[in-house]
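What follows is the residue order along each chain.
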Amino acid sequence: MAPYLRSVIEEMGTWGVSHTRVPTESRPGHVAVIAGFYEDVSAVAKGWKENPVEFDSVFNESRNTWCWGSPDILPMFAKGASGDHVYTHTYPATEEDFASTDASMLDTWVFTQVKSFLQSAKSNSTLMADLLKDKNVFFLHLLGLDTNGHAHRPMSQEYINNIGLVDTGVSELVSIIGDFFNNDCRTAFVFTSDHGMTNWGSHGAGHPSETLTPFVAWGAGIQRPQKVTEDQFFPDNYLQDWKLEHLRRVDLSQADIAPLMSSLIGVPIPVNSVGILPLLYLNNSDQFKAEAMYTNAIQILDQFKMKMRQKKETTLSCLFTPYKQLTEPKQAEFVKKARTLIQMEKYEDAISLCQALISSALEGLVYYHTYDRFFLGCSVVLGFLGWTSYVVLVILKTHTSLNTQTDILQRKFDHTLVRLCWCVAVVICMFLFIQRSPLTYYVYCLLPVPIWYSVLKESNIVTDLIHSAPCLPLWKCFGYFVLVAFGVELLVVSFFYRAMLTVVLAVLSIWPMLSGLFEKAKCHSVSWFLGCLFLAVFPLMPVVGREPNLNLVMCAGVLTLFISACFLWYSWNRTSLHHSDKKQFVMQLLHVAICACVPFLTHSSLQQKRGLPLHNQIISWVTLASSIFVPLMSSTRLFHRLLSIFLSLTATYFLLSTGTEALFPPVLSWLMFVWINIEQEAMIAQGISGRQQLSAIDFSANIDISKIRQLKLDDIRRSYFFFFFIITAFFGTGNIASINSFDPASVYCFLTVFNPFIMGGLMMWKIIIPFIVVMCTFETIQVTTQLSSRSLFLIVLVISDVMALHFFFLVQDYGTWLDIGTSISHYVIVMSMTIFLMLLSVVTHILTSQRLVLWRRRKMHFT
């Protein structure tokens, strides 16, 4: 498929495999190759064209750099360069179309532009003078392969043809460049990739097909092929697959490419680079290699010194603990000894010493990067414990008869407590100010103070609870506590092993039998049993590697129509349906049927190279825009409103589906419908009075406060069910378990031109749709069980906080999350989860209880 590059490997250069890091996306891959460091994940907030911070790169260090390629990648290196010596030439962003008849034209454009550029230089003396200077870089960004891989899969004929086009284009350009510079043999060539791709056309995660990329270098300063007779051992089979066992393979990390390119053109290594110069690629004297490795070591050591200095300046001298393997005397000793060995022409020893120095400096960078791990970790744990304790106390205060009255002693205690908390806050501020800590450290350390003030302020509740302990059903409480703790453990494990969701669903399926509800509601119990088992299948399905199957989307449409028919039949037997609601449901059912067919028609058109049909695109965007408003025009009766929400959201979900995941919302909605009914049976079993018939409940009716009941132990079970179904909605179809599980084909009904923010927004809405289904169900259960939403929500908060605290100790690399230079902290995660659930609850409340009134003109009669 690539005869020229194979001939280069066998006759002219050195080859190997470049090992990338997660996330295997375009921006971090290019930053690693060209700047030599692995970018922080917070860069995603800036997108592909903006830099969170400006950084040095090989392009910046070069005399001149000319780039051709994608408008999503090239501008970020030009913007960060000092001066105006980085020139970019990009095609329009609209050319990055997954529905293009031939995405390889992107690569053809690049090759054509480079040829035209060199041709024009022959008649431009100024440009020719710049080109004849040293330290110049040509960067060709070839996006066609990536686009064809996403659109048609790497094993497709389009992808294979694109490989041949790139191979031919590289061959022609090498010849043209050689002729342009009169074959002076002063040009080096580097061919690699920013990331790999799976067989199903995705990337972003840590699969070997994504993290292992080809690397070939040849030309000036590059070692020629080295034949080997002994076996070479690598964890992959590329040597055998490519039949290159007879040639030496030299692997390297992706960040190592930047110092290699810097050495080849004779410029300083980018200052933030953590790459280690791969000497086996260089064809030069031992002295040059030793000097280059010495320069590499000094460059990384300078980063270590800067990090150590920054940490030393923000830490009290009595508390500062330096990295013992590389103290200042040891640094000086390393540098002096390396310099001496080079002067004594003991180059191999000097290289070994420099490599050891680099290794120690990189470990030291990690040490100082996570220096405040324990300190910040304690603050986070205190915050979690305090917040969880406060929520528990609020529940006890609201729903128990424990003493909540304030006496004189309690008031004195409160005044003392206020003064104490102020003193603690002042001490913390003074400590952080003296250490010149970042502002975020104040948030980490001060947030537990008001939280624990609120906890200690309710100490009388704790005292009364201790005194009342002998009168409580301790064994029953302890049993619930053990069950909830075990349930939380299962939820935590499900984040690592999705199959655990299947196990929990299998256990939940027999809940009616264990609770005695089966005898009182056999029909609902059987439906619950089957619904749990059907839903338990989804976590067992593969997360990635699924081929699109649009027939399953149409099957999901048929299933949705069947479930909706059952829903309407169940409702009509109990409550009459207004004529306008009948018309709306008929229109929504027809709309769902159409939306189930649109993905099939769209993908068929794309496969036939006819592009995205305009009418399909209009249907998709109109469906998306109206998905929230259509339910507001239906009746606010319980089952009528829930059905309208289900049909409206499912129609949008179908447009974003490509296979088995389309079956998930109908199955989930069926189980939620059964859950509502079975909770009613549970209330009958508990003997709760004042229960309404489900068919008579109206979401818009005013709530009778006198009928709001107190919390019971069974409400903990309801809250746990809700949280479990939220997790199941999150992980059930595998859409979030891995970055590369997001298939661009999911948004082809809406757009095919690459736009990361619109595509990301559509995928987020796809993820949120099952959440809304579960939230609407929970809202319904709160109404039907006569319990305030605040009460159940507080229990949910306790469960989520315990889970988050558990994660804090489980995730081994949590320290990097807490550093000021990284993305977000656990506080932000928990608060984001809380805010997200609260926002969803507001949206759910609007969806269920509000009605959109359309103004109509009345006929006027004149007499």
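The coordinates are above.
Residues numbered from 1 in each chain as written. Predicted model: local features only at pLDDT ≥ 70, side-chain atom pairs only at ≥ 80, totals over all residues. Heavy atoms only, no water.

Participant: Let's hear about the overall build of the protein chain: which residues, and what values?
Facilitator: Within the protein chain, the regular secondary structure consists of 32 helices and 7 strands. The 863 residues of the protein chain split such that 50% are buried. Long-range contacts, defined as pairs at least 24 residues apart, comprise 77% of the intrachain contacts of the protein chain with a sequence gap of at least 6. Of the accessible surface of the protein chain, which amounts to about 41,100 Å², a share of 64% is contributed by carbon and sulfur atoms. (Helix = DSSP H or I, 4+ residues; strand = E, 2+ residues; numbered from the N terminus. Buried < 20%, exposed > 50% of the residue type's maximum accessible area, 1.4 Å probe, protein only. Contact = heavy atoms within 4.5 Å. Areas by Shrake-Rupley, 256 points an atom, 1.4 Å probe, with all protein chains shown as cover.)

Participant: Tell me about the packing of helix 13 (residues 328-343) against helix 14 (residues 347-369), and name the residues and values.
Facilitator: The relative placement of two packed helices comes down to the angle between their axes together with the axis-to-axis distance. As a packed pair, helix 13 and helix 14 sit with axes 8 Å apart at the nearest point and diverge in direction by 160°. Between helix 13 and helix 14, the angle falls in the class roughly antiparallel. At the point where helix 13 passes helix 14, the crossing takes the left-handed sense. Between helix 13 and helix 14, the residues in contact are F334, K337, A338, L341 and I342 and Y347, D349, A350, L353, C354 and L357, respectively. Here the contact of helix 13 with helix 14 is composed, by residue class, of 9 nonpolar, no polar and 2 charged. (Axes fitted to C-alpha atoms, helices over the stretch in contact; angles between N-to-C directions. Parallel < 35°, antiparallel > 145°, perpendicular 65-115°, else oblique. Left-handed = near helix turned anticlockwise from the far one by under 90°. Nonpolar A, V, L, I, M, F, W, Y, C, P; charged D, E, K, R; others polar.)

Participant: So what about the nonpolar core? Which residues, and what values?
Facilitator: One finds W528, W675, F724 and F725 to be the most contacted residues of the largest nonpolar core, which totals 101 residues. Of all the elements, helix 30 (residues 756-784) adds the most residues to this core, at 15 residues. Every residue in contact with F724, bar those within four places of it in the chain, is listed here: L491, L501, V504, L505 and L508. Formed by 55 residues, the second largest nonpolar core is a distinct cluster that contains L326, F334, Y347 and L357. (Core = buried A, V, L, I, M, F, W, Y, C linked by side-chain atoms within 4.5 Å.)

Participant: Hey, could you go over the sheet that holds strand 4 (residues 136-140) for me, with residue numbers and the actual values?
Facilitator: The 3 strands are arranged 3-2-4 in an open sheet whose pairing can be described as parallel. Edge positions in the open sheet fall to strand 3 (86-90) and strand 4, since each of these has one partner strand only. If you compare each strand with its neighbour and ignore which way they point, the axes differ by 10° on average. Looking at chain direction, strand 2 (residues 64-69) and strand 3 are connected through 5 bridges and run parallel. (Pairing = 2+ DSSP bridges.)

Participant: Residue-level account of the side chain of S648, with values.
Facilitator: Note that S648 resides in helix 27 (residues 638-655). When near neighbours in sequence (up to four residues on either side) are disregarded, S648 contacts Q588, S626, S627, I628, V630 and P631.

Participant: Any details on the packing of aromatic side chains? Residues and values, ideally.
Facilitator: Summed over all chains, the structure comprises 44 aromatic pairs. Consider the rings of F98 and F754, whose centres lie 6.5 Å apart with planes at 80°: the pair is edge-to-face. Taken together, the positions of F98 in the loop between strand 3 and helix 5 (105-121) and F754 in the loop between helix 29 (713-731) and helix 30 put the pair 656 residues apart, joining distant regions of the chain. Overall, the relative accessible area of 27% leaves F754 in the partly exposed class. Plain terms: the ring middles of F117 and F138 are 6.1 Å apart, the flat faces sit at 80° to each other, and that makes the pair edge-to-face. Of this pair, F117 sits in helix 5 while F138 sits in strand 4; the two residues are 21 residues apart in sequence, bridging distant segments of the chain. Every member of this aromatic cluster is reached through a ring pair, and the members are F304, F320, Y323, Y367, Y368 and Y371. (Phe/Tyr/Trp six-rings, centres within 6.5 Å; stacked < 30°, edge-to-face > 60°.)

Participant: Any details on the pattern of salt bridges? Residues and values, ideally.
Facilitator: Evaluated as defined, the whole model comprises 12 salt bridges. With its nearest N and O atoms 3.0 Å apart, the salt bridge here joins K766 to E661. Linking K766 in helix 30 with E661 in the loop between helix 27 and helix 28 (664-686), this pair joins segments that are 105 residues apart in sequence. When sorted by exposure, K766 lands in the same class as E661, which is buried. (Salt bridge = Lys/Arg side-chain N within 4 Å of Asp/Glu carboxyl O.)

Participant: Break down the sheet that holds strand 5 (residues 188-192) for me, citing the residues and quoting the values.
Facilitator: Reading across the sheet, the 4 strands line up as 5-6-1-7 and stay open at both edges, with mixed pairing between neighbours. Both outer strands of the open sheet, strand 5 and strand 7 (252-253), are each paired with one neighbouring strand and no more. Where strand 5 and strand 6 (residues 212-219) come together, 5 bridges link them in antiparallel fashion. If you follow V190 over to strand 6, its bridge partner there is A217. Those strands touched by helix 8 (residues 157-180) are strand 5 and strand 6, and its axis lies near 170° from that of strand 5. Sheet contacts for helix 11 (residues 257-265): strand 1 (13-19), strand 5, strand 6 and strand 7; angle to strand 5, the most-contacted strand, approximately 165°.

Participant: Please give an account of the pairing of strand 6 that cites residues and values.
Facilitator: When you tally the buried positions in strand 6, you get 6 out of 8 residues, the bulk of the element. Both strand 1 and strand 6 contribute to a ladder of 7 bridges, which runs antiparallel. Counted as the bridge partner of G16 is F215 from strand 6.

Participant: Can you break down empty space enclosed by the protein residue by residue, with the values?
Facilitator: Using the criterion set out here, one finds 4 cavities of 30 Å³ or more in the structure. In terms of lining residues, the largest cavity is bounded by 15 residues, among which F567, L642, F646, S669 and V773 are the most central. If you list the elements that add at least two residues to the lining of the largest cavity, you get helix 24 (550-572), helix 27, helix 28 and helix 30. (1 Å grid on protein atoms, 1.4 Å probe; cavity = no way out; pocket = protein on both sides within 12 Å on 5 of 7 lines; lining within 4 Å. Points joined across faces, edges and corners; volume = space filled by probe spheres on them.)

Participant: Please set out the environment of Y87 residue by residue, giving values where relevant.
Facilitator: Relative to the elements of secondary structure, Y87 occurs in strand 3. In this structure, the C-alpha to C-alpha distance between Y87 and F77, residues 10 residues apart in sequence, is 9.7 Å. Those residues within four positions of Y87 in sequence are excluded, and the remaining contacts are N64, T65, W66 and C67.

Participant: So what about helix 27? Which residues, and what values?
Facilitator: Between the first and last C-alpha of helix 27 there are 27 Å, a value that for 18 residues agrees with the 26 Å anticipated at 1.5 Å per step. Burial analysis of helix 27 places 18 of its 18 residues in the buried class, the great majority of the element. (Expected span 1.5 Å × (residues − 1).)

Participant: Give me the environment of P631: which residues, what numbers.
Facilitator: Here P631 shows up in the loop between helix 26 (614-626) and helix 27. Residues P631 and S644, 13 residues apart in the sequence, show an inter-C-alpha distance of 5.1 Å. Here P631 is in contact with S626, R641, S644, I645, S648 and L847, once residues within four sequence places are set aside.

Participant: Explain the side chain of S509 residue by residue, including any values.
Facilitator: Inspection of the secondary structure assignment puts S509 in helix 21 (residues 499-509). S509 sits in the buried class, given a relative accessible area of 1%. There is a polar contact of 2.5 Å between the side chain of S509 and the backbone oxygen of A506. With sequence-adjacent residues up to four places away left out, S509 is seen in contact with W528, F529, C532 and L533. (Polar contact = N/O pair within 3.5 Å; in protein donor to acceptor, adjacent residues only side chain to side chain.)

Participant: With reference to specific residues and values, describe the packing of helix 23 (residues 522-537) against helix 28.
Facilitator: Put simply, helix 23 and helix 28 touch, their axes get as near as 9 Å, and they point 150° apart. Once helix 23 is placed against helix 28, the crossing between them reads as left-handed. Of the residues in helix 28, those in contact with H524, S525, S527, W528, G531, C532, F534 and L535 of helix 23 are F664, V667, L668, W670, L671, V674, W675, N677, I678 and E681. Class assignment of the residues belonging to the contact of helix 23 with helix 28 gives a composition of 12 nonpolar, 5 polar and 1 charged.

Participant: I'd like a description of a nonpolar patch on the surface, backed by residues and values.
Facilitator: On the surface, W422, V426, M430, F433 and I434 cluster together to form a nonpolar patch covering roughly 610 Å² of accessible area. Overall, V426 belongs to the partly exposed group, its relative accessible area being 43%. (Patch = residues over 30% accessible without salt bridge, like charges linked within 9 Å, V, L, I, M, F, W, Y side chains within 5 Å.)

Participant: Just give me the short version of unusual backbone geometry, but keep the residues and values in it.
Facilitator: At the junction of V22 and P23, the peptide bond is cis and its omega measures out at 0° in the coordinates. By the element assignment, P23 lies in the loop between strand 1 and helix 2 (26-35). Despite not being glycine, C185 has its phi angle at roughly 55°, a positive value. Examined against the element boundaries, C185 turns out to sit in the loop between helix 8 and strand 5. Judged by its relative accessible area of 67%, C185 falls in the exposed class. Backbone geometry places K609, a non-glycine residue, at a positive phi of 60°. Here K609 is to be found in the loop between helix 25 (579-607) and helix 26.

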